[in-house]
Amino acid sequence: MIDELLVTNLGLISRAHLEPGPGLVVITGETGAGKTLLLGALRLLQGATARVDLIGPDGDEAWAEARFALDGSELTAGRRVLREGRSRAYLDGSPVPARALEEHVQPLVEMVGQHDHLRLSRPGALRELVDHRLDDRGRAGLARYQAAWERHQATVRDLEAIGGDRRALEREHDLAVYQAGEIEAAGFEAGAEEDLAERVGRLRHAGELSEQLGSARILLEQSRDGAAAALSDVKRAARLDPSLGAIAAQLEGSLAATDELAVDLRRAMDGLESDPGELEGLEAGLARLGDLKRKYGSTLAEVLEFGQAAAARATT
């Protein structure tokens, strides 16, 4: 039986909370008080169409909730009607399809009214009437049919879990082979993305880099000339005052470091020779990597991981 009914923002009902007891319960009221809306809430729980005009003025959604006392247990059912024309169904607090809500609540609520004969237009109600008239042999046949239907549904779920029918599996296999082959053919290895971007950036800005390094080299040479003159003066002073030998040694170390920096700058400038063909090839590699990332992952690591997974699927 219905142990509790809660209706929120359904039509003119802002909120109604009923806890009918056992036996006959009578609900009375003036015309327009909302008695029919309580039946409408039960119909929503039975799977009736969730119309937007059922939503009241106190929000953008309407709720119908009920708790049913069964033999030693209970069942809670809920239906939420949304302003955008959709609805949500719940059983024991978990989201379910509206069809599942209908299947569970329909046998628990029987409505009898002046238009009750219209229920015969519903396939489910007609089947229910026929099933109730079955004899022992018919009920045994119905049980066998239900068992066979459940096995069929289980087989369909198992088939979907492994990828569908044979043609679907073959399509999945071909797709996995293609994906794994495309990623492998690109030839990228872990960490290649950063190196590729660095090389492309260096070649794209080779002229500007060469100009800046050349200016730095000139300034370094000017600084070395000044340091060399300073070292010559300090050495002459150290011959008169040996305590200045430490300063002379430091200046010699600075000059040696300056010479090493000059060599490093020269090597860096020599490595900036721009090769249009190399730059074109590297940019093509970046574009190919961008295509792979658009399809298989946001980073090269994710792309390579996807390729490994696709290769594994292709061999199973």
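Residues numbered from 1 in each chain as written. Predicted model: local features only at pLDDT ≥ 70, side-chain atom pairs only at ≥ 80, totals over all residues. Heavy atoms only, no water.

Quick look at the sheet that holds strand β1 (residues 2–10) now. One open sheet accounts for 6 strands, arranged β2-β1-β3-β4-β5-β6; its pairing is antiparallel. The sheet terminates laterally at β2 (13–18) and β6 (94–96), the two strands that pair on one side only. Strand-to-strand, the axes of this sheet are offset by a mean angle of 15 degrees, without reference to chain direction. The pairing of strand β4 (residues 74–82) with strand β5 (residues 87–91) spans 5 bridges and is antiparallel. Residue pairing across strands places R80 opposite R88, the latter belonging to β5. Packing against the sheet, helix α1 (residues 35–45) makes contact with β1, β2, β3 (61–69) and β4, and its axis sits at approximately 105 degrees to β1. (Pairing = 2+ DSSP bridges. Helix = DSSP H or I, 4+ residues; strand = E, 2+ residues; numbered from the N terminus. Axes fitted to C-alpha atoms, helices over the stretch in contact; angles between N-to-C directions. Contact = heavy atoms within 4.5 Å.)

Together, L126, L129 and V130 line one region of the surface with nonpolar side chains, adding up to about 260 Å² of accessible area. Mapped onto the fold, L129 is located in helix α3 (residues 123–132). Since its relative accessible area comes to 43%, L129 is described here as partly exposed. (Patch = residues over 30% accessible without salt bridge, like charges linked within 9 Å, V, L, I, M, F, W, Y side chains within 5 Å. Areas by Shrake-Rupley, 256 points an atom, 1.4 Å probe, with all protein chains shown as cover. Salt bridge = Lys/Arg side-chain N within 4 Å of Asp/Glu carboxyl O. Buried < 20%, exposed > 50% of the residue type's maximum accessible area, 1.4 Å probe, protein only.)

In this fold, L261 is placed in helix α8 (residues 245–270). Residue classification places L261 among the partly exposed positions, given a relative accessible area of 45%.

One pass over the full model with this rule turns up 13 salt bridges. The partner of E252 in a salt bridge is K235, and the shortest N-O contact between them spans 2.9 Å. Remark: K235 occurs in helix α7 (residues 206–240) and E252 occurs in helix α8; sequence separation between them is 17 residues. Given a relative accessible area of 38%, E252 falls into the partly exposed group.

So, about the packing of helix α5 (residues 166–186) against helix α10 (residues 300–314). Packing of α5 against α10 leaves a shortest axis separation of 8 Å and a crossing angle of 140 degrees. The orientation of α5 with respect to α10, classified from their angle, is oblique. The hand of the α5/α10 crossing is left-handed. Residues E172, H173, A176, V177, Q179, A180 and I183 of α5 form the contact with α10, whose own contacting residues are V303, L304, F306, G307, A310, A311, R313 and A314. Taken together, the residues of the contact of α5 with α10 sort by class into 10 nonpolar, 3 polar and 2 charged. (Parallel < 35°, antiparallel > 145°, perpendicular 65-115°, else oblique. Left-handed = near helix turned anticlockwise from the far one by under 90°. Nonpolar A, V, L, I, M, F, W, Y, C, P; charged D, E, K, R; others polar.)

Glancing now at helix α2 (residues 98–105). Here α2 has its buried residues at A100, L101, E102 and V105. Considering only its buried residues, α2 is in contact with α1, β3, β4, β5 and β6.

Attention now goes to the nonpolar core. Core analysis: the biggest nonpolar cluster contains 26 residues, and V7, L10, L44, L45, A77 and V105 have the highest contact counts within it. Residue assignment for this core shows that the elements contributing at least two residues are β1, β2, α1, β3, β4, β5 and α2. If one sorts the elements of this core by residue count, α1 sits on top with 5 residues. Those residues within four positions of L44 in sequence are excluded, and the remaining contacts are L10, T49, A50, L54, A64, R79, V81 and L101. One finds A186, L196, L282 and L304 within the second-largest nonpolar core, a separate group that totals 12 residues. (Core = buried A, V, L, I, M, F, W, Y, C linked by side-chain atoms within 4.5 Å.)

In this section: the side chain of R79. With respect to the helices and strands, R79 occurs in strand β4. Buried R79, no salt bridge; nearest opposite-charge side chain is E102, N-O distance 7.8 Å. (Lys, Arg positive; Asp, Glu negative; His and termini not counted.)

Read these as layout, nothing more, since geometry by itself doesn't imply function.
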